[in-house]
Amino acid sequence: MNTPPRGASCPPQLHLEQASAGDWLPGVQSHVDGCAACKTQVESLQKMTSEFVAARPVERFLKQLETREAAPEKARRSFLPLAIGASLAALVVFTVVQSLPREPRVTMKGGLAHITMKRGEDITTITSKACGNSQPGDTCGEKLAPGDALRFSVVAPREGYAVVLNRDSTGAVTVVAPFGASEGKAVNAGTNVLPDSAVLDDVRGAETFVTIFSEHPIDVRKAVESFKATGSVSCDCTVEISTFDKP
Amino acid sequence: MTDDLPTVAPRGSGQLGQWYSKYGALVHRRCRTLMGNEADANDALQETFMRAHRTPQSNRDAVMQPLPWLYAIATRICFDALDARKRRGVLSSLKEMMGLGVVASGSVEDKLSMGSALITLDEKTREMALLHWLDGMTQEEVAQQTGYSRKTVGVKLKEAEVALREVMA
Ligand SMILES: [Zn+2]
């Protein structure tokens, strides 16, 4: 990688960067004075800073901040605070489910999916055994809203593969966790938090999530096709369908 | 541009302006490395200083080393944005998804950013990678800073290097 060459006694790059801004940590100044490489490094960072500030004066930057502060949140969408991975992992409930049947067929099962929702600062579990695989037209109790961030876990009866699909009220189907997966994520027995979270868009109506577990790699493309065609998934797998209302 | 308009500085902007003059270029450079493009780096830079500005004065006064503090804010913002970028890919491609499991999103440049490689790693590995490759710390120093053993750091950095090579290759 592009770590600058660093002598045995040279301070880390970070300390040189601090030095270039005038923040000299103990011992750095005396080292830089006697080390041509570090000296060059500090000087070139100083040059970078002065060119940067000349090209983008502080007054202009502060004005940009002011505009930014006045702008509605939506205009700054790319920075929705969504660091939810680790904190949600800690909230996942451990549920034990029965073993899979032996014959190769799809099994509908509650308790396979575990979905948590982050809305503002609140994190809620929105799946329950009662809501998994409800009848068509039924919905889970929780009402979803645009902007909600969902994180998906699967409670796997054994080692295997898992994936979560989403279908919105327009019929569009998306592989949400892991995003764009083609054969599912390898999971261990027990609760696995799947990578990626989904932020809900403005399309209103029913949001359906299909959590699929299989002992074998899942042909996700096929699963998407059958889900679109039939509203369910045909594979040698266990499936839980959770539908939510997004009014 | 609008440079000659009178500026109504936000409250507490004296320190903000000072910090920008001292650290703005460095923070921008880091954001550029993580995000892989200028527009996102500028956005992240602004957001970093916004958040610094929103931090209560008493907390800001307690910051002994502003640059690492700003870097930490910037890093978080960049990874949140990279995460969102990935999901925007999900949301904007619903129609193209019909029958397809994979969607290509983002420009080639975005794909080449360090952040886009590191976003695939767990948070701890990510932190180690940043300390090592951006802050220029040795494996021992990373171990000291993170509280992990030198051996664990070595393994995790190897993992990160593989991810980086895949993206940068
Ligand atoms: Zn040196």
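Please read these numbers as outputs of a predicted model, since none were measured by experiment.

> Got a minute to help me understand the overall build of chain A in this structure?
A tally of regular secondary structure across chain A gives six helices and ten strands. Here chain A, with 247 residues, has 47% of them falling under the buried criterion. For chain A, the proportion of contacts with a sequence separation of at least 24, taken over those separated by at least 6, is 73%. By element, 53% of the accessible surface of chain A is carried by carbon and sulfur atoms, the whole surface being about 11400 Å².

> What's the story with the pairing of strand β4 (residues 149-156) of chain A in this structure? I'm lost.
Side-chain positions along a regular strand alternate between the two faces of the sheet. Residue and element names in this part refer to chain A. Most of β4 sits out of view: eight of its eight residues are buried. Burial of the side chains of β4 extends over both faces: Ala149, Arg151, Ser153 and Val155 are buried on one face and Leu150, Phe152, Val154 and Ala156 on the other. With six bridges joining them, strand β2 (residues 113-119) and β4 adopt antiparallel strand pairing. Opposite histidine 114, over in β4, you have serine 153 as the bridge partner. For β4 and strand β8 (residues 190-199), the ladder comprises seven bridges, and the chain directions are antiparallel. Paired with valine 155 across the two strands is threonine 191, which belongs to β8.

> I keep staring at the side chain of Ser214(A) and nothing clicks. Help me out?
Residue and element names in this part refer to chain A. Relative to the assigned elements, serine 214 resides in strand β9 (residues 205-214). Judged by relative accessible area, which is 4%, serine 214 ranks as buried. Separated by 3.0 Å, the side chain of serine 214 and the backbone nitrogen of histidine 216 make a polar contact. Not counting chain neighbours up to four residues away, the residues in contact with serine 214 comprise Gly160, Tyr161, Asp236 and Cys237.

> Looking at this structure, how should I read the pattern of salt bridges?
It is possible for side chains of opposite charge to pair when their charged atoms get near one another. Evaluated as defined, the whole model comprises 15 salt bridges over all chains. A salt bridge links Arg68(A) to Glu47(B), with the nearest nitrogen and oxygen atoms 2.9 Å apart. On the criterion of chain membership, the pair formed by Arg68(A) in helix α4 (residues 58-70) and Glu47(B) in helix α2 (residues 38-54) is interchain, its members lying in two chains. Side by side, Arg68(A) and Glu47(B) carry an identical accessibility label, which is buried. Glu140(B) serves as the salt-bridge partner of Arg150(B), at 3.1 Å between the closest nitrogen and oxygen. Placement of the pair is Arg150(B) in helix α9 (residues 150-168) and Glu140(B) in helix α8 (residues 139-146), with a sequence separation of ten residues. A relative accessible area of 42% places Arg150(B) in the partly exposed class. You can call Glu140(B) partly exposed: its relative accessible area is 45%. Salt bridges sharing common partners tie together Arg68(A), Asp43(B), Glu47(B) and Arg51(B).

> Where do I start with the coordination of the zinc ion in this structure?
Each donor-metal-donor angle in an ideal tetrahedron of four donors is 109.5 degrees, and each such angle in an ideal octahedron of six donors is either 90 or 180 degrees. Residue and element names in this part refer to chain A. Coordination sphere of the zinc ion, protein contribution only: Cys10 (SG), His31 (NE2), Cys35 (SG) and Cys38 (SG), at 2.0 to 2.3 Å. Bound by four donor atoms, the zinc ion shows angles of 103 to 119° at the metal and therefore tetrahedral coordination geometry. We note that the donor set of the zinc ion lies within a single chain, spaced as C-x20-H-x3-C-x2-C. Here the residue cysteine 10 occupies a position in the segment before α1 (13-20), and cysteine 35 occupies one in the loop between α2 (28-34) and α3 (36-55), the gap between them amounting to 25 residues.

> Would you mind showing me how to read unusual backbone geometry here?
In this structure, the amide linkage connecting Ala177(A) to the following residue, Pro178(A), adopts the cis form with an omega of -10°. Mapping Pro178(A) onto the fold places it in the loop between β6 (173-177) and β7 (185-187).

> Is there a simple way to think about the packing of aromatic side chains in this case?
Both the distance between ring centres and the angle between the ring planes are used here to describe each pair of aromatic rings. Residue and element names in this part refer to chain A. Under the definition given, this model contains eight aromatic pairs over all chains. Taking 5.4 Å as the distance between ring centres and 45° as the angle between the ring planes, the aromatic pair formed by phenylalanine 152 and phenylalanine 209 counts as tilted. Placement of phenylalanine 152 in strand β4 and of phenylalanine 209 in strand β9 is noted, with a sequence separation of 57 residues between them. The burial state of phenylalanine 152 is the same as that of phenylalanine 209; both residues are buried.

> Is there a simple way to explain α4(A) in this structure?
Every α-helical turn comprises 3.6 residues, leaving residues that sit three or four positions apart pointing alike. Spanning 13 residues, α4(A) covers 19 Å between terminal C-alpha atoms, matching the ideal 18 Å at 1.5 Å per step. Within the sequence span of α4(A), burial applies to Val58(A), Phe61(A), Leu62(A), Lys63(A), Leu65(A) and Arg68(A).

> Where do I start with α8(B) in this structure?
Residues and elements named next belong to chain B. Taken together, the buried positions of α8 are occupied by Val142, Ala143 and Thr146. Here the buried residues of α8 occupy an arc of 100° about the axis, which is enough to place them on one side. Where α8 ends, the next residue or the one after it, glycine 147, has phi of about 80°, a positive value.

> I'm lost on the packing of α1(A) against α3(A) in this one. Help?
A packed helix pair is summarised by two numbers, namely the angle formed by the two axes and the spacing between the axes. All names here are of chain A. Across the interface, α1 lies against α3 with an axial gap of 8 Å and an inter-helix angle of 50°. By the criterion of interaxial angle, the relationship of α1 to α3 is oblique. Classified by chirality, the crossing of α3 by α1 is right-handed. On the side of α1, the interface is formed by Gln13, Leu16, Glu17, Ala19 and Ser20, while α3 contributes Cys38, Gln41, Val42, Leu45 and Gln46. Counted by class, the contact of α1 with α3 contains five nonpolar, four polar and one charged residues.

> Help me understand the sheet that holds strand β3 (residues 122-125) of chain A, please; the structure alone is not making it clear to me.
Consider a sheet: its strands pair through backbone hydrogen bonds, and that pairing is either parallel or antiparallel. Residues and elements named next belong to chain A. Reading across from one edge, β3-β2-β4-β8 is the order of the four strands in this open sheet, with antiparallel pairing throughout. In the strand order of this sheet, the two ends are held by β3 and β8, each with one partner. Going from strand to strand, the sheet's axes swing by 20° on average, the running direction of each strand aside. Bridge count between β2 and β3: four bridges; the pairing is antiparallel. Looking at the pairing, threonine 116 lines up with threonine 125 of β3.

What counts and how
Residues numbered from 1 in each chain as written. Chains lettered and ligands numbered in written order. Predicted model: local features only at pLDDT ≥ 70, side-chain atom pairs only at ≥ 80, totals over all residues. Heavy atoms only, no water. Helix = DSSP H or I, 4+ residues; strand = E, 2+ residues; numbered from the N terminus. Buried < 20%, exposed > 50% of the residue type's maximum accessible area, 1.4 Å probe, protein only. Contact = heavy atoms within 4.5 Å. Areas by Shrake-Rupley, 256 points an atom, 1.4 Å probe, with all protein chains shown as cover. Pairing = 2+ DSSP bridges. Polar contact = N/O pair within 3.5 Å; in protein donor to acceptor, adjacent residues only side chain to side chain. Salt bridge = Lys/Arg side-chain N within 4 Å of Asp/Glu carboxyl O. Donors = N, O, S within 2.8 Å, 3.2 Å for Na, K, Ca; no water. Tetrahedral: all angles 85-135°; square planar, octahedral: opposite > 155°, others 65-115°. Phe/Tyr/Trp six-rings, centres within 6.5 Å; stacked < 30°, edge-to-face > 60°. Expected span 1.5 Å × (residues − 1). Arc of directions from axis to C-beta. Axes fitted to C-alpha atoms, helices over the stretch in contact; angles between N-to-C directions. Parallel < 35°, antiparallel > 145°, perpendicular 65-115°, else oblique. Left-handed = near helix turned anticlockwise from the far one by under 90°. Nonpolar A, V, L, I, M, F, W, Y, C, P; charged D, E, K, R; others polar.

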